[in-house]
Structures are given as structure tokens and as C-alpha cells.
Amino acid sequence: MPPFARRLLVLLCGVAVGSLSAIEVSHWVAGDNIFAAAPRREFMPIGTLTAPLVGTDGHLLGYLSFDAEIEVPVRHEHEIRSGLPVLADAVNRTSFAAPIAGPADGYVPQLQVLRELVHAAALKTYGPDVVSRTVITRAALT
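Let me sum up the structure you'll find in this document. On a predicted model such as this, the values are computed, not experimentally measured, just so you know.

What to know about the overall build of the protein
Argument step 1. When you go through the protein residue by residue, the secondary structure sums to four helices and three strands.
Argument step 2. Along the protein, from the amino end to the carboxyl end, the secondary structure elements read α-β-β-α-α-α-β.
Argument step 3. Split into buried and exposed, the 142 residues of the protein put 31% on the buried side.
Argument step 4. Long-range contacts, defined here as pairs at least 24 residues apart, represent 66% of the contacts in the protein between residues at least 6 apart.
Argument step 5. Of the roughly 8600 Å² of accessible surface on the protein, 65% is carried by carbon and sulfur atoms.

Here's the deal with the pattern of salt bridges
Argument step 1. In total, this model carries five salt bridges according to the counting rule given.
Argument step 2. Glu 77 is the partner of Arg 81 in a salt bridge, and the nearest nitrogen-oxygen pair spans 3.1 Å. Of the two residues, Arg 81 and Glu 77 both sit in helix H2 (residues 77-82), four residues apart, roughly one turn of that helix.
Argument step 3. As a salt-bridge pair, Asp 89 and Arg 93 come within 2.8 Å of each other at their nearest N and O atoms.

Some thoughts on helix H3 (residues 84-95)
Argument step 1. With twelve residues, H3 ought to run about 16 Å at 1.5 Å a step, and its terminal C-alpha atoms sit 16 Å apart, in line with that.
Argument step 2. When we look at burial in H3, the residues that qualify are Leu 87, Ala 90, Val 91 and Ser 95. The arc enclosing the buried residues of H3, seen along the axis, measures out at 120°, which places them on a common side.
Argument step 3. Buried residues in H3 make contact with strand S1 (41-54), strand S2 (60-73) and helix H4 (111-126).

Considering the packing of H3 against H4
Argument step 1. It is at 9 Å that the axes of H3 and H4 come closest, and there the two elements cross at 135°. Regarding the angle of H3 to H4, the classification is oblique. With respect to the hand of their crossing, H3 and H4 are arranged in right-handed fashion. Contact residues: H3 offers Leu 84, Val 86, Leu 87, Ala 90, Val 91, Thr 94 and Ser 95, while H4 offers Leu 117, Val 118, Ala 121, Ala 122, Thr 125 and Tyr 126.
Argument step 2. When its residues are assigned to classes, the contact of H3 with H4 shows ten nonpolar, three polar and no charged.

Describing the pairing of S2
Argument step 1. Of all 14 residues in S2, ten are buried; the element is thus mostly enclosed.
Argument step 2. Examined bridge by bridge, S1 and S2 share twelve bridges and lie antiparallel to one another. When the sheet's bridge partners are listed, Met 44 is paired in S2 with Ile 70.
Argument step 3. Taken together, S1 and the strand that follows it, S2, pair antiparallel across an intervening segment of five residues, in which Gly 58 is found at a positive phi of about 95°.

Procedures and definitions
- Residues numbered from 1 in each chain as written.
- Predicted model: local features only at pLDDT ≥ 70, side-chain atom pairs only at ≥ 80, totals over all residues.
- Heavy atoms only, no water.
- Helix = DSSP H or I, 4+ residues; strand = E, 2+ residues; numbered from the N terminus.
- Buried < 20%, exposed > 50% of the residue type's maximum accessible area, 1.4 Å probe, protein only.
- Contact = heavy atoms within 4.5 Å.
- Areas by Shrake-Rupley, 256 points an atom, 1.4 Å probe, with all protein chains shown as cover.
- Salt bridge = Lys/Arg side-chain N within 4 Å of Asp/Glu carboxyl O.
- Expected span 1.5 Å × (residues − 1).
- Arc of directions from axis to C-beta.
- Axes fitted to C-alpha atoms, helices over the stretch in contact; angles between N-to-C directions.
- Parallel < 35°, antiparallel > 145°, perpendicular 65-115°, else oblique.
- Left-handed = near helix turned anticlockwise from the far one by under 90°.
- Nonpolar A, V, L, I, M, F, W, Y, C, P; charged D, E, K, R; others polar.
- Pairing = 2+ DSSP bridges.

Next comes the structure, spelled out in C-alpha cells:
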């Protein structure tokens, strides 16, 4: 191989490696890793929400105050924060249709039903490619 072709090959390889490194660093700074199998995800608190505690017979028994978190890709943090009022509205609208109160005396919330309700509202608000899991971290009657 002539020396000119060898130098050109080394130069092109250096440019390619440098470009890929710059792209990776820019994605890493943004919270994503393009060479990883999946984007980095974290639980993000959605704040304290209040939902009506509806019994199995459809009557309003009181209100339930709870904290929840949703697992989202780090790069979507700004989008999630800006959509939190929409998520709170979706939880309030759908909680009247789903009886959250337990069957015994009605004042014990069914946390699985509440978690599914918040998860469905988060999926509807942000989409299934953004929200992967939902957890309830605190629940109290108000």
C-alpha cells in the first residue's frame, strides 16, 4: 500500500472514531446512551394527588391522598414535568369510574386498583413508549 493511501486511511479512521465519540458524548450528556441496549430509566415522582374514594356501590366515601412515581427515560424528564397537570386530571376523571374502596367496610383502599388506575392514566397521558412502571409510595384517607 502506498504511503499516501496509508495516511489517508489513518486519517479517515481517526475522523470516524472521533465523530462517533462526539455523538456518544452528546447523547451521554443528554441522559441517553446510544450504544446501550435500552435508555436509562428512573422513577420520577408525580407529586401528591387526591382521588375520590368510591365504594363498590358507586357512592363517594371520602377522598384518598397519595403519592406515586412513574418510571420514565431520563431524556423525557421535561416532557413529564410539563404534563403533570394533565395526568392529575386524568386520574381524577377515571377514579370516579373505578371503585378504589375495598369491599369490607369501604374505607380501606385497594392499592392494586389505584396503581392500575394511575398507570392507565400515565399511559394515556404520555404513551407506552415513555411510561414503563407505576408505583404508589404513600396513601392516606383525607
